[in-house]
Amino acid sequence: MHSISYEITEDKVILKLKDRICESPEELVESEMFYSMLVNCIESLQARGSNLLDIFQGQEIDQENIKNLIQTFKYLTKLEVSLVPNVVDGAELFLEDKQTLFEFTEYFYNYWRSFDRFVICSSESDRLDERPYRTFNTTVEKLMHLVRRAYRNIQEHITGEHPQVYRQVHAGAEVATIAVESELVGLESDRYTKLNNIPTIRQILLYPPLIFDPPMNRRRGQFVKIDKNPFDYVDVKGEDWLCFPAKIGKIIVYTYFHKSFYELGFHLSNLFELAKKEDLNKKPDAVYLYGVDEGALDGLGDMPTVYHYDEDEDLLVAAVPRDKEFGYFGYLKKMMLTLHNTRVMMNGNMPFHGAFYKLTLKNNKSGNFLLIGDSGAGKSESIEAFRRLAEEQLKEMTIIADDMGSLEIDSNGEVIVYGTETGAFQRLDDYPPGFAFGQLDRAIISNPGKTNSRITLPVTTFKNVNKGTEIDFVLYANNYEEIDEDHPIIERFEKPEEALRVFREGAVMSKGTTDDKGLRHSYFANIFGPPQMKSLHDEIANKFFGKLFENDTYVGQIRTRLGVPGMEIEGPTAAAEQMLRMIQDTEL
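Numbering of residues starts from 1 in each chain and follows the order in which that chain's sequence is written. For this predicted model, a pLDDT threshold of at least 70 governs which residues receive local features, and a threshold of 80 or more governs which side-chain atom pairs are given and counted, while totals over whole chains, interfaces and linings are taken from all residues. For the side-chain quantities, the full set of heavy atoms in the structure was used; hydrogens and water were omitted.

S.K.: Looking at this structure, I do not really get unusual backbone geometry. What am I missing?
M.R.: One can expect most non-glycine residues to show negative phi and most peptide bonds to be in trans. Of the consecutive residues P208 and P209, the connecting peptide bond is found in the cis state with omega at 0 degrees. Strands are runs of DSSP state E lasting at least 2 residues, helices are runs of H or I lasting at least 4, and numbering of each runs from the N terminus. On the secondary structure map, P209 appears in the loop between strand 5 (200-206) and strand 6 (210-212). Even without being a glycine, D314 presents a positive backbone phi close to 50 degrees. Looking at where D314 falls in the secondary structure, it is placed in the loop between strand 12 (306-310) and strand 13 (315-321). Look at A525: it is not a glycine, yet its phi comes out positive at around 55 degrees. Structurally, the position occupied by A525 is in the loop between strand 26 (519-521) and helix 12 (534-550).

S.K.: Got a minute to help me understand the packing of helix 3 (residues 63-76) against helix 5 (residues 98-113) in this structure?
M.R.: The axes used here are C-alpha line fits, helices contributing only the stretch in contact, and every angle between their N-to-C directions lies in the interval 0 to 180 degrees. Running from amino to carboxyl end, helix 3 crosses helix 5 at an angle of 90 degrees, the nearest separation of the two axes being 13 Å. Taken together, the axis directions place helix 3 and helix 5 in an arrangement best described as roughly perpendicular. Facing helix 3, whose interface residues are L69, F73 and L76, helix 5 presents L101, F104 and T105. When residue character is reported, Ala, Val, Leu, Ile, Met, Phe, Trp, Tyr, Cys and Pro are called nonpolar, Asp, Glu, Lys and Arg charged, and the others, Gly included, polar. Classifying every residue of the contact of helix 3 with helix 5 by side-chain character gives five nonpolar, one polar and no charged. Angle categories are assigned with fixed cut-offs, so that under 35 degrees is roughly parallel, over 145 is roughly antiparallel, 65 to 115 is roughly perpendicular, and the rest are oblique. Contacts between residues were defined by any pair of non-hydrogen atoms, one from each residue, lying within 4.5 Å.

S.K.: Is there a simple way to think about the sheet that holds strand 6 in this case?
M.R.: Pairing between the strands of a sheet comes from backbone hydrogen bonds, and it takes one of two forms, parallel or antiparallel. The strand order 6-20-21-19 describes an open sheet built from four strands, whose pairing is mixed. Only two strands of the sheet have a single partner each, and these edge strands are strand 6 and strand 19 (423-427). On average, each strand axis in the sheet is tilted by 20 degrees relative to the strand beside it, whichever way the strands run. Bridge count for strand 6 against strand 20 (residues 444-446) is three bridges, and the pairing is parallel. In the strand pairing of strand 20, F212 is matched with S446. Following DSSP output, two strands are said to pair if at least two bridges run between them.

S.K.: Looking at this structure, how should I read the pattern of salt bridges?
M.R.: When their charged atoms lie close together, side chains carrying opposite charge are able to pair. We define a salt bridge as a side-chain nitrogen of Lys or Arg found within 4 Å of a carboxyl oxygen belonging to Asp or Glu. In total, this model carries 31 salt bridges according to the counting rule given. One salt bridge in this structure joins E481 and R559, with 2.8 Å as the shortest N-O distance. You can see E481 sitting in the loop between strand 23 (473-478) and strand 24 (490-492) and its partner R559 sitting in strand 27 (residues 554-559), a full 78 residues away along the chain. Buried, partly exposed and exposed residues are distinguished by accessible area as a fraction of the type maximum, computed with a 1.4 Å probe on protein chains only: under 20%, between the cut-offs, and over 50%, respectively. Given a relative accessible area of 23%, E481 falls into the partly exposed group. Here R559 falls in the buried class, since its relative accessible area comes to 2%. Across the pair E550 and K547 runs a salt bridge whose closest N-O atoms are separated by 3.3 Å. With a gap of three residues between them, E550 and K547 both fall in helix 12, about one helical turn apart. For K547, a relative accessible area of 18% gives the class buried. Connected through salt bridges with shared partners, the residues K333, K334, D403 and E421 form a single ionic network.

S.K.: Is there a simple way to explain the pairing of strand 27 in this structure?
M.R.: The two faces of the sheet receive side chains in turn, since in a regular strand these alternate between them. Strand 27 sits mainly inside the fold: six of its six residues count as buried. Here strand 27 shows two buried faces, one formed by Y554, G556 and I558 and the other by V555, Q557 and R559. Here strand 23 runs beside strand 27; their pairing, made up of six bridges, is parallel. Residue pairing in the sheet places Y476 in a bridge with Q557 of strand 27. As judged from the three bridges shared by strand 24 and strand 27, these two strands associate in the antiparallel manner. Within the sheet, the bridge partner assigned to R492 lies in strand 27 and is G556.

S.K.: I'm lost on helix 8 (residues 329-346) in this one. Help?
M.R.: Working note: α-helix, 3.6 residues per turn, so residues spaced by three or four point in the same direction. By this rule the span expected of a helix is its residue count minus one, scaled by 1.5 Å. Spanning 18 residues, helix 8 covers 26 Å between terminal C-alpha atoms, matching the ideal 26 Å at 1.5 Å per step. One or two residues past the end of helix 8 sits G348, with phi positive at roughly 85 degrees.

This is the structure we're talking about:
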């Protein structure tokens, strides 16, 4: 392959391209990467004592024989099996048992596909980002077709038969990106110059469904606000990092992720809006290094998941180590949202941990519901139940916020909502069987088959997220209480003090998304910023809840019962039924 560097790790293949990729299956088979991958495959078979290595007929598996095998493969891409010994000395060794060679080839093809495969298209001199479709088509798409063509040609020439069923699997890369050199704008401190040589993502190509199995399946602990700047303690090698410049509501966060966490970093493309070219010409609100050297942050906090406000630069900065214990998407997403929430509070507005949806029926009656609650409270599950329940009556369901957002007061004194994410990072455990299969064509699935397995999906547009939408109902998502005459499914609070008490307690029955178990409490169901600035948040919350009651906005709680054993489906469904009644009872 031309102008390609590559790296093969435990579970990843990373290819970095600068111009063209190889032109033919023969060129692919003779590439250095093919050789390295074949050696790794053979070593894995040797460790297992596999019979597939019988293709070497008991001879020593040395460099010479491996190179002869590669030459055999090269000519099998274009010649019938009987002709190959005429052009490759020693090919008879591998062709003596054609069935075993066929099975070895099949195993090698699947071995390659077992890796998470990434392509980074560098745009150092040639502005590839200005013609992304052409770039992806001449690199990533071409690689996929070359790998499949080489595999099929070899198999067909070994057997002398065409397969009856062709499976168009993604045999090349699963994720590709065009990244350009860029510099941080508007920062004077030398401590941030280390970020200037990290390529910035401009476009991303995905081949869903993507299925990743990162080291961890839950997040633990909190993000710690510290007085020291973590950038004074870390070193950064630019070639090992990529920058995803995220637009999170009104906030821009430059998120840098290490190659060890590529499968997590590229999750961001299904969750946050990628900043446009014009956004890169102004100073970001925050920068985040996800995957710094192990031990670099030791002693800076109870856990080395830390963030800091640089007053001189008016910049929020954060860092998390690349230890495997932090190899979970929640450490990436939630730190970014913590930075967002902190900046929101600094601007005098109120962040929330919750979901906000505009629900419109075919009779044009509508309700804008803000459900506030911690992870596993039943917010998304109740809305999904509403969508299924009201399918025949539902005209439109617009998602403004799926997990986090902020409240502002507009010039008319109305409380309005801004979201953060254009996607959703949803727990599969609590959805009906088969839910994920209906979403596979655009999904990223992580930790399949484990507790707290997740699916990441695009669910709305940045225009919806960031336009500012008024509220009709503000409900605390209570997932732990059963219902009775004194505890209805939806209950309205009479006074701001009553509402503030429930929201401030932030009670929730844990659903296994963190290391907490049982009934737990978190300040305003949001550990991502508010507890670290509690006095400021109290002042802001009092102002906003006072305004909600002044405007006669419905403020209450909804009992989803998601944390009640046996009610994981029935609870959110009953909550959705009550929400539907509330909309039907509204006046046009």
